[in-house]
Amino acid sequence: AKQQGKAGFVRYVDGMREPVLAHMRLGGELRRALENDEFRVVYQPIMRLDDYRLIGVEALVRWDHPARGVVGPAEFIPAAERTGLIVPLGRFVLRETCRQAAAWLAEFGPDALREAGLNVSARQLHDPDFVAEVTSALTDSGLPCERLVLEVTESAVLRGQQVSRALYELDRMGIRLALDDFGTGESSLSLLRAFPAAIIKLDKSFVDGIEIDDGRPAAADARQAVARAVIQLADALGLDTVAEGVECPEQVTVLRELGYTVGQGYHLAQPMTAADVSTLLARQQPA
Ligand code: C2E
Ligand code: CA
Ligand code: CA
Ligand code: CA
């Protein structure tokens, strides 16, 4: 629809320009939010499936918007990637996660937490300073490199030489790389040959409905076939696995039958503040 503006200009009220303007506005808002420290990190526990003990965490960013309240990453990560603001935002998540993980290890001891993971986007991996930033986050926090997990998706990994060089360098440093949302991409299998992964995170879409009995014998159950193939592959290659999006105890039972030992999901634990993770770790301390 067109409206006649004050000075006679045509203004597009709900035309094609709107999304572009919305993105620009969001870009400006993100910049302001970074300056005002409106971002914070929550941590979702990664748990053992036999005794429900926490063995790791995944850092997930949140935006405490002054007017809109808590905004989830799905609403601003794409704009942050487009505007390049993901680089300073990602640096904040990296430094904060390393600092927090080192603090947990200092307070609760080396066995309290095997690792802390965080998500890294393609844009960050393309940044020539990324490896140096990871190095300085580890040095400044005192977090040992083998405690850090960087989660990357297939689409981020398949971005050519620069990204591939960075990933191999991180691997050489002893940092563990996890393939996130595994199985959703088009070339998950060939990817494992071309990429120094230590961990496979089975995507939630293969855990959804895995507990449903469709009447066929277990070996022929289509819902379980991918999860079974992935754990066999991981075992053969010596990789660790995490089953994502575990929402009920029945899924834990099936995943354990298939050989999964570690999971993440609302049934095991929700994303929570660092203080709540500390409470969990304190409760888990051997008497
Ligand atoms: P992801 O890396 O696959 O992270 C898991 C997402 O699934 C999180 O959503 C988590 O809260 C949610 N989740 C966990 N358990 C369950 C469950 O049982 N059921 C369901 N339905 N969902 C579950 P969140 O925090 O909204 O993050 C969404 C995505 O945003 C992440 O997906 C990740 O791709 C991205 N993201 C989050 N934080 C960062 C960050 O610091 N940097 C970058 N680049 N991306 C981030
Ligand atoms: Ca992730
Ligand atoms: Ca994931
Ligand atoms: Ca996902």
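The structure this text deals with has already been given above.
The rules behind these values
Residues numbered from 1 in each chain as written. Chains lettered and ligands numbered in written order. Predicted model: local features only at pLDDT ≥ 70, side-chain atom pairs only at ≥ 80, totals over all residues. Heavy atoms only, no water. Phe/Tyr/Trp six-rings, centres within 6.5 Å; stacked < 30°, edge-to-face > 60°. Helix = DSSP H or I, 4+ residues; strand = E, 2+ residues; numbered from the N terminus. Buried < 20%, exposed > 50% of the residue type's maximum accessible area, 1.4 Å probe, protein only. Salt bridge = Lys/Arg side-chain N within 4 Å of Asp/Glu carboxyl O. Donors = N, O, S within 2.8 Å, 3.2 Å for Na, K, Ca; no water. Core = buried A, V, L, I, M, F, W, Y, C linked by side-chain atoms within 4.5 Å. Contact = heavy atoms within 4.5 Å. Pairing = 2+ DSSP bridges.

Let us now look at the packing of aromatic side chains. Centre-to-centre distance and the angle between the planes together describe a pair of aromatic rings. This structure, assessed with the given rule, holds four aromatic pairs. Where phenylalanine 39 meets tryptophan 63, the ring centres are 5.6 Å apart and the plane angle is 35°; that geometry is what we call tilted. Taken together, the positions of phenylalanine 39 in strand 3 (residues 39-48) and tryptophan 63 in strand 4 (residues 54-65) put the pair 24 residues apart, joining distant regions of the chain. You'll find phenylalanine 39 and tryptophan 63 in the same group, each marked buried. With centroids separated by 5.1 Å and ring planes inclined at 80°, the aromatic side chains of tyrosine 43 and tryptophan 104 adopt a geometry described as edge-to-face. Of this pair, tyrosine 43 sits in strand 3 while tryptophan 104 sits in helix 3 (residues 86-108), and the two are 61 residues apart along the sequence. We classify tyrosine 43 as buried; its relative accessible area is 1%.

Overall, the coordinates contain 17 salt bridges when judged by the stated rule. The residue glutamate 115 makes a salt bridge to arginine 114 at a minimum N-O spacing of 3.3 Å. Here arginine 114 falls in the partly exposed class, since its relative accessible area comes to 36%. Among the salt bridges present, the one from lysine 201 reaches glutamate 151, with a minimum N-O distance of 2.7 Å. With lysine 201 in strand 9 (residues 199-202) and glutamate 151 in strand 7 (residues 148-152), this pair connects stretches of sequence that are 50 residues apart.

Surrounding the calcium ion (ligand 2) are the protein donor atoms Glu58 (OE), Asn119 (OD1), Glu151 (OE) and Asp180 (OD), at 2.1 to 2.3 Å. If you list the donors of the calcium ion (ligand 2) from N- to C-terminus, the spacing comes out as E-x60-N-x31-E-x28-D. The distance between the calcium ion (ligand 2) and the calcium ion (ligand 3) comes to 3.9 Å, with aspartate 180 serving as a donor to both metals. Taken together, the residues span a long stretch of sequence, with glutamate 151 in strand 7 and aspartate 180 in strand 8 (residues 176-182) at a distance of 29 residues. For the residue pair glutamate 151 and aspartate 180, the accessibility class agrees, reading buried in each case.

Let's shift gears to the nonpolar core. If you look at the biggest cluster of nonpolar residues, it comprises 83 residues, and the most contacted ones within it are Leu30, Trp104, Val134, Leu148, Leu150, Leu179 and Tyr260. Excluding residues within four positions of it along the chain, leucine 148 makes contact with Leu94, Cys98, Ala116, Leu118, Val134, Leu138, Leu143, Ile175 and Arg176. Ranked by size, the runner-up nonpolar core spans seven residues in total, among them Ile55, Ala178, Val242 and Val262.

Taking burial as the measure, the twelve residues of strand 4 include eleven buried ones, the bulk of the element. As paired elements, strand 3 and strand 4 share nine bridges and run antiparallel to each other. Among the inter-strand pairings, tyrosine 43 is bridged to a residue of strand 4, identified as alanine 59. Joining the antiparallel neighbours strand 3 and strand 4 is a turn of five residues, in which tyrosine 52 adopts a positive phi near 55°. Summarising the sheet, strand 4 and strand 6 (residues 115-119) pair through four bridges and their orientation is parallel. Residue pairing for strand 6: valine 57 is matched across the bridge by alanine 116. Bridge analysis of strand 4 against strand 5 (residues 69-71) gives three bridges, and the strand direction is antiparallel. Across the sheet, tryptophan 63 pairs through a bridge with valine 71, a residue of strand 5. Two successive antiparallel strands, strand 4 and strand 5, enclose a turn made up of three residues.

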